[in-house]
Amino acid sequence: MSASDGKRTLPRERSMTDDTKPTIVIKVGTSSLVDASTGLPSLSKIAALVEVLCKLKRNDMNVALVSSGAVGFGCLALGLKERPEGVMVKQALAATGQAKLMELYGRMFNSLGESCAQVLLTYDNLGHRAQFLNAVNTFEALFKLGVVPVVNENDTVAVEELRFGDNDCLSAMVASMLKAERLIILTDVDGLYTSNPNKDPDAKRIPVVDNIDDLDVDTSSAGSALGTGGMATKITAAKLATASGVDMSIVSAKNPTIILEVMRGDNVGTLFKKRSLKVSKDRKRWIAGLPARQSIYLDDGAVRAIKEKKSLYAAGIIKINGKFPSNVAIGLADSKGVVFAQGITNYSSAELALLKGKQMQETFDCLGYHGSEHVMHRGNIVLLEFAGKKYLQQQEDDDED
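Residues numbered from 1 in each chain as written. Predicted model: local features only at pLDDT ≥ 70, side-chain atom pairs only at ≥ 80, totals over all residues. Heavy atoms only, no water.

Peer 1: I would appreciate a short explanation of the confidence of the model for the chain in the present structure.
Peer 2: Counting all residues, the mean pLDDT for the chain is 83, and 84% of those residues have values of 70 or more. A low-confidence stretch, residues 14–18 (pLDDT under 50), is modelled with ten contacts involving residues beyond four sequence positions or located in other chains. (pLDDT = per-residue confidence, 0-100. Contact = heavy atoms within 4.5 Å.)

Peer 1: Where do I start with unusual backbone geometry in this structure?
Peer 2: Negative phi is the rule for most residues except glycine; trans is the rule for most peptide bonds. Here the phi dihedral of Asp60 falls at roughly 70°; this positive angle occurs in a residue that is not glycine. Along the chain, the position of Asp60 falls in the loop between helix H2 (43–58) and strand E2 (62–67). Classification of Asp60 as partly exposed rests on a relative accessible area of 48%. Backbone geometry places Asn327, a non-glycine residue, at a positive phi of 65°. With respect to the secondary-structure elements, Asn327 resides in the loop between strand E10 (317–321) and strand E11 (329–333). Taking relative accessible area as the criterion, Asn327 reaches 33% and is therefore assigned partly exposed. (Helix = DSSP H or I, 4+ residues; strand = E, 2+ residues; numbered from the N terminus. Buried < 20%, exposed > 50% of the residue type's maximum accessible area, 1.4 Å probe, protein only.)

Peer 1: Got a minute to help me understand the pattern of salt bridges in this structure?
Peer 2: Pairing is possible between side chains that carry opposite charge, provided their charged atoms lie close to one another. Per the counting criterion, the structure on display carries ten salt bridges. Close ionic contact of Asp168 with Lys27 constitutes a salt bridge, the shortest N to O distance being 2.9 Å. Pair noted here: Asp168 is in helix H7 (residues 167–177) and Lys27 is in strand E1 (residues 23–28), with a separation of 141 residues, a long-range link. When sorted by exposure, Asp168 lands in the same class as Lys27, which is buried. Ionic pairing is found between Lys310 and Glu308, a salt bridge with its closest N-O pair at 3.4 Å. Judged by relative accessible area, which is 44%, Lys310 ranks as partly exposed. We classify Glu308 as exposed; its relative accessible area is 51%. (Salt bridge = Lys/Arg side-chain N within 4 Å of Asp/Glu carboxyl O.)

Peer 1: In this structure, what is going on with the nonpolar core? I would like to understand it.
Peer 2: A general feature of soluble globular proteins is that nonpolar side chains tend to end up buried together. One finds Val174, Leu298 and Leu332 to be the most contacted residues of the largest nonpolar core, which totals 74 residues. Listed in part, the 33 residues of the second largest apolar core include Ile46, Cys54, Leu101 and Leu104. (Core = buried A, V, L, I, M, F, W, Y, C linked by side-chain atoms within 4.5 Å.)

Peer 1: When you look at the pairing of strand E4 (residues 147–153) in this model, what are you seeing that I'm missing?
Peer 2: Regular strands place side chains that alternate from one sheet face to the opposite one. By the criterion of burial, E4 is predominantly enclosed, with seven of the seven residues buried. Residues Val147, Pro149, Val151 and Glu153 of E4 are buried on one face, and the alternating residues Val148, Val150 and Asn152, pointing to the opposite face, are buried as well. The sheet contact formed by strand E3 (residues 115–121) and E4 spans seven bridges and is parallel. When the bridges of E4 are listed, Leu120 appears paired with Asn152. (Pairing = 2+ DSSP bridges.)

Peer 1: So what exactly am I meant to see when it comes to the environment of Leu312 here?
Peer 2: Here Leu312 is to be found in the loop between helix H11 (300–307) and E10. Residues Leu312 and Leu332, 20 residues apart in the sequence, show an inter-C-alpha distance of 9.6 Å. Aside from chain neighbours lying at most four places away, what touches Leu312 is Leu298, Ala302, Ile306, Leu332, His374, Val375, Met376 and Ile381.

Peer 1: It is not clear to me how helix H3 (residues 70–77) should be interpreted in this structure. Could you clarify?
Peer 2: Since the α-helix advances by 3.6 residues per turn, residues separated by three or four positions end up pointing in the same direction. H3 sits mainly inside the fold: six of its eight residues count as buried. Packed against the buried residues of H3 are helix H1 (30–33), H2, helix H4 (87–111) and E4. Looking one or two residues past H3, Gly79 carries a phi angle of roughly 75°, positive in sign.

Peer 1: Mind showing me how you'd approach the packing of H2 against H4 here?
Peer 2: When two helices pack together, their arrangement is given by the angle between the helix axes and the distance between those axes. The geometry of H2 relative to H4 is characterised by a closest axis approach of 10 Å and an angle of 55° between their N-to-C directions. Considered as vectors, H2 and H4 are oriented oblique to each other. When the axes of H2 and H4 are compared, the crossing they make is right-handed. Contacts from Leu43, Ile46, Ala47, Leu49, Val50, Leu53 and Cys54 in H2 reach Leu104, Tyr105, Met108 and Phe109 in H4. A breakdown of the residues in the contact of H2 with H4 according to their chemical character gives eleven nonpolar, no polar and no charged. (Axes fitted to C-alpha atoms, helices over the stretch in contact; angles between N-to-C directions. Parallel < 35°, antiparallel > 145°, perpendicular 65-115°, else oblique. Left-handed = near helix turned anticlockwise from the far one by under 90°. Nonpolar A, V, L, I, M, F, W, Y, C, P; charged D, E, K, R; others polar.)

Printed below as a string of structure tokens:
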């Protein structure tokens, strides 16, 4: 399609598999970058982490680092001991701290003869197909140039309803986007336990999780004073990563060389095994890797239609759960609230509140303008096969891309 057609053309997605190197994504949190006893950056630990990343790269791997720390480093630069409340203050701290963080990473990579690049993303970037494809192409170009991408959420511009919430989820989405072989999350505990090890002396480490939906564990460990994550967010990240066909490991950040042990297959941390991914199309894989934070409840007829791989119309909607803009991933639930699919909505929650139960030819009367005939097109819906509360991403190979 040419520009003269007057229609918008999406960027071409270059296959990440054109490069035969495996891709590894490492995520490190604020608490792992700061010395708890002094409140200052842990230079020795950061240097050890960078050295390990360079070793992986020299072992013929593509390496991406998802690093928290912008707000935390901003707090340190301005002498604040805890994260303050208030969006504008946090955004200002992120702008201050991100520069400090990248300056430190840049010096350490350069000292080892390597280069790194800053990549700042928002949920809005990865939730829109054209921006997602541009991001994929940028990562591929960086890998070909031999540069290590250092990824963080763009806190300065992200709005609350379109934030990842923490970099655990961001790292899972980046791993899915890059079709990574492994996501490794470095944290302040050495894996997932049967209960909170800080409270229960009998808590036992779980070395392997074959099916994340079978988990019944205490995830009450909270984030640190300077960070936002906790074990619950890592479980959410594991669900996103494994649903997208990526193995994920949670390991202790005390000694970054543990990353090499993970890659050797040693019994360290907790390995969440990837699901048998049946979403073969890149577009469906993209949708499967997006976190659907809100949902739409459907009547029985609409549920049947979606399961028969048909589009969603407003007539089948009985309830809207949560507030959301258009063009984001939304869960599709039956009348009992059981989510069985997710997809990209053409309408916001406010618009759907006016449209629900109506025929699509009534769009103009409800909204004052003619919108899309579908709430979700079938090509933008991924089915989830449930067994009780369990689900598996499933889609046929002949779905539209």
